[in-house]
Amino acid sequence: MNQDILISVVAPVYNEEECVEKYMQETLKVLSDNYLNYELILVDDGSTDNSKDLIKKMQGSIDNIRLLSLSRNYGREIAITAGLESSIGDYVILMDSDLQDPSSLIPDLVDKAISGFDVVYAARTHRIGETFLKKILSKYFYKIAAKLTGFDIPDNAGDFRVFSRKVVNSINQLKEQNRYMKMLYAYVGFSSIGIPFERQKRFAGKTKYNYLNLINASLDAVISFSSKPLRIVSIFSVSLSLLLLISSIGVFFYKLINSSSIIEGWASTVVLINFLFSILFIFLAVISEYIGRVLVEVKNRPLYYIKEESTSLKLKDKNIVDDL
Amino acid sequence: MKAHEVAIIGAGFFGLRIALFFAKKGMDVIVLESENSPFLRASTINQARIHNGYHYPRSYSTAISSHNHYQRFCDEYSYAVNLNFQNVYAIAKKNSHTTSKQFESFCELIDIPLEKTPSDISNLFSSDLIESSYLVEEAVFDGEKLKDSLLNELNKYSNVEIIFNSKVRKIYVKDGLANLQVHDLQYKAEKVFNTTYAGINILLQDSGFEKLDLRLELTELAFVKLPKEIKKLGFTIMDGQFFSSIYYPTLNCHSLSHVRYTPHIEWNEKDYCIDPYNLADQSQKSKYLHMLNDAKRYIPILKSAKYLHSKYTIKAVPVRNETNDGRPIVLKEHINDRDLVVVSILGSKIDNIYDLEKYLNKY
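What counts, and where the lines are drawn
Residues numbered from 1 in each chain as written. Chains lettered and ligands numbered in written order. Predicted model: local features only at pLDDT ≥ 70, side-chain atom pairs only at ≥ 80, totals over all residues. Heavy atoms only, no water. Helix = DSSP H or I, 4+ residues; strand = E, 2+ residues; numbered from the N terminus. Rg over C-alpha atoms; globule rule 2.2 N^0.38 Å. Buried < 20%, exposed > 50% of the residue type's maximum accessible area, 1.4 Å probe, protein only. Areas by Shrake-Rupley, 256 points an atom, 1.4 Å probe, with all protein chains shown as cover. Lys, Arg positive; Asp, Glu negative; His and termini not counted. Charge placed at Lys NZ, Arg CZ, Asp CG, Glu CD. Patch = residues over 30% accessible without salt bridge, like charges linked within 9 Å, V, L, I, M, F, W, Y side chains within 5 Å. Salt bridge = Lys/Arg side-chain N within 4 Å of Asp/Glu carboxyl O. Core = buried A, V, L, I, M, F, W, Y, C linked by side-chain atoms within 4.5 Å. Contact = heavy atoms within 4.5 Å. Buried area = accessible area lost by both parts, 1.4 Å probe. Polar contact = N/O pair within 3.5 Å; in protein donor to acceptor, adjacent residues only side chain to side chain. Phe/Tyr/Trp six-rings, centres within 6.5 Å; stacked < 30°, edge-to-face > 60°. Lys NZ or Arg CZ within 6 Å of the ring centre and 35° of its normal. Pairing = 2+ DSSP bridges. Right-handed = clockwise from strand over helix to strand, strands pointing away. Expected span 1.5 Å × (residues − 1).

Draft legend 1. Broad picture of the overall build of chain B. Regarding its fold elements, chain B presents nine helices and 19 strands. Scaling as 2.2 N^0.38, a compact globule of 363 residues should have a C-alpha radius of gyration of about 21 Å, and chain B matches this with 21 Å. Overall, chain B is about 70 × 40 × 35 Å in size when its C-alpha atoms are taken along their principal axes. For chain B, buried positions account for 62% of its 363 residues. As displayed, chain B offers around 14,700 Å² of accessible surface, 46% of which is attributable to carbon and sulfur atoms. Between the averaged position of the 44 positive side-chain charges in chain B and that of its 44 negative side-chain charges there is a distance of 4 Å.

Quick look at the structure:
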């Protein structure tokens, strides 16, 4: 048993009343079997079901459970951020609380990290329980994202991973509001390696992620980390302007040579209006996209607010007189 | 056995101060202590901080009363007071109940001096996590010396007797006198003061008196050797689930406590009343690594702090004060006839003694 290190496990929780108890039991069992010092941080992302009460109940009888209750639903990425910022471990494990990430893999991940890697992620060998469409889409998303941003994200890596303290501190320094976590991990760098594992089917409940969420996340990821879309549009616009210039010159000379065959002013007006407007709208789209992001960052609002924080504090009552 | 005028249960700081108070009046006083020596529990196993008000930005009344008593305590026990280090209060950026602005205006309002730390101290803090830090005057006391000076003072009075290894099991009234049952002996007294801190309620329960509304916590105080660059400093992060590491003169090292990790077990005595000190004496699994790991995030140089050992004791918190962090004394009269008095006194902070003496005059 490792005496000198402290292990943190961070798991976001959003309406997981069916899974969270079993998840806590399994994870704490693995932790207490393998480590002397550990904490399990559950970040309640504004759940509307019983999840929070179930966690609090367990805090009364089992040690080392911490609950951070966010003041509303902020989304998974922010919940993870809150957990990472509050974690105190030398190694911090990130995982889902829906039992899809097997807790039994934690010791392997941590051992690998101790052997000298700052990030060890669990690499999915199969994506059980995901639709064909989702598999294809995510594969191409990672390919395109790698091209656009220059950061290579392994397409079999989920969020289930362990970080060294160095990496957690680095991630905590990133203040952006658009937090596509996998991009943030790639951005901070450090040595990383994967360990293969088989992702489980959901034990109960449904995934709270739909295609719309995924599209949002993908757009955030690419646009926050890449200025290539802007570059492409700029090149396109410059080419258009060149074309416009050439066509203007063409129309000008045509008019000089053969002015009687077209109605006065028609050619120049149509060409100018069409090209100018198309360029203008493209510019506007791009600029507004970026300005939108600049605005969000400039406001520099706190990423989240914690409504309540509690920690395991064994309660003595009449029922547990025995252990005195 | 002859009847004493005053009997005090518990030879901690409060018990002995009350003994002194009545000794000065020439009354015949007996102090019954369950351990073999005074000052063994809450009086020394606690942060050695003498509060000067800074600690209570959410309870003005507590802050003001602390500040008013601070100088008086430091003057009276100058022999035991240690000012040989600089105390730093820092405000956390996130999840703190107070902000720099609030803290500054709070200190201004109750008129306690506050000075921004020079850069060599403020640079010790992680700028990501700490908003600002201040130098404040707040002394610590040496528990051993405090005990010695109080015992010296008591020795001047021949009308005070301290009896050790005498755990009072029960108080009952017989023939107009309070009887204190210790083993198979009965001590008799006219006025009884129960100053057993966390032990108050178990004695009240066994004696059939109404209990105080207390929440007890089994707490861990860790002791650490700080690296020499910061040995002359004490740190307190305000205000929430943070930590504090200040000088602890008795052991010539620093104490380390953490709001999140110091309490190990808690219970409300309304539901569950046992002798808590049995629990404190059982071995506990230390949470020092949790405390130190969190502290390192705020003050990176604490990486080279060395953990020594931990002490465990019971902390008693009056239930009505849990939200505003105030720490006034609790005084409860169980019997107050003209010739028979049984009172329980819970003194939370060491300087609360000056509040208490106002009340004692009427007995």
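Still to come is the rest of the account.
Draft legend 2. Structural context of a positive patch on the surface. Together, Lys225(B), Lys228(B), Lys231(B), Lys232(B) and Lys306(B) make up a region of like positive charge exposed at the surface. Summarising the element assignment, Lys231(B) is placed in the loop between β12 (214–225) and β13 (233–238).

Draft legend 3. Region of the structure containing the nonpolar core. Residues Phe13(B), Phe22(B), Phe73(B), Leu146(B), Phe193(B) and Leu360(B) are the most contacted members of the largest nonpolar core, which totals 40 residues. Ala7(B), Val168(B), Ile265(B) and Ile335(B) belong to the second largest nonpolar core, which has 38 residues in total.

Draft legend 4. Examining the interface of chain B and chain A more closely. At the junction of the two partners, chain B supplies 25 residues and chain A supplies 33 residues. Buried surface at the junction of chain B and chain A, both sides included, amounts to about 2,500 Å², of which 51% is carbon and sulfur. Taken together, the links from chain B to chain A amount to two salt bridges. Here Lys94(B) makes a salt bridge to Glu85(A), at a shortest N to O gap of 2.6 Å. Summed over the shared surface of chain B and chain A, the result is ten residue pairs in polar contact (both at pLDDT 80 or more). Contributing elements (two or more residues each) for the side of chain B that touches chain A: β16 (263–268) and α8 (288–298) of chain B.

Draft legend 5. Up close: the packing of aromatic side chains. For the coordinates displayed, the defined rule picks out 20 aromatic pairs over all chains. An angle of 55 degrees between the planes, with centres 5.9 Å apart, marks the rings of Phe243(B) and Tyr298(B) as tilted. One end of the pair, Phe243(B), is in strand β14 (residues 243–248); the other, Tyr298(B), is in helix α8, and 55 residues separate them in sequence. Here Tyr298(B) falls in the buried class, since its relative accessible area comes to 6%. Seen from the ring of Tyr74(A), Arg72(A) lies directly overhead, with NZ or CZ sitting 4.0 Å from the centre. Positioned above the aromatic ring of Tyr79(B) is the side chain of Lys145(B), whose terminal nitrogen or guanidinium carbon lies 5.7 Å from the ring centre.

Draft legend 6. Examining the pairing of strand β1 (residues 3–9) of chain B more closely. Residues and elements named next belong to chain B. A large share of β1 lies buried, amounting to five of its seven residues. As defined by bridge partners, β1 adjoins strand β11 (residues 185–194) across six bridges and the pair is classed as parallel. Looking at β11, one finds that Ala3 is bridged to Lys188. Relative to strand β2 (residues 29–32), β1 runs parallel, the two sharing four bridges. Looking across to β2, one finds that Ile8 is bridged to Val31. In this region the chain leaves β1, passes through helix α1 (residues 13–24) and returns to the parallel neighbour β2; the handedness of that crossover is right-handed.

Draft legend 7. Representation of α1(B). Residues and elements named next belong to chain B. The end-to-end C-alpha separation of α1 is 16 Å, in line with the 16 Å expected for twelve residues at 1.5 Å each. Where burial is concerned, most of α1 is hidden: eleven out of the twelve residues are buried. Within α1, burial applies to Phe13, Phe14, Gly15, Leu16, Arg17, Ile18, Ala19, Leu20, Phe21, Phe22 and Ala23. Backbone geometry just downstream of α1 places Gly26 in the positive-phi region, at approximately 80 degrees.

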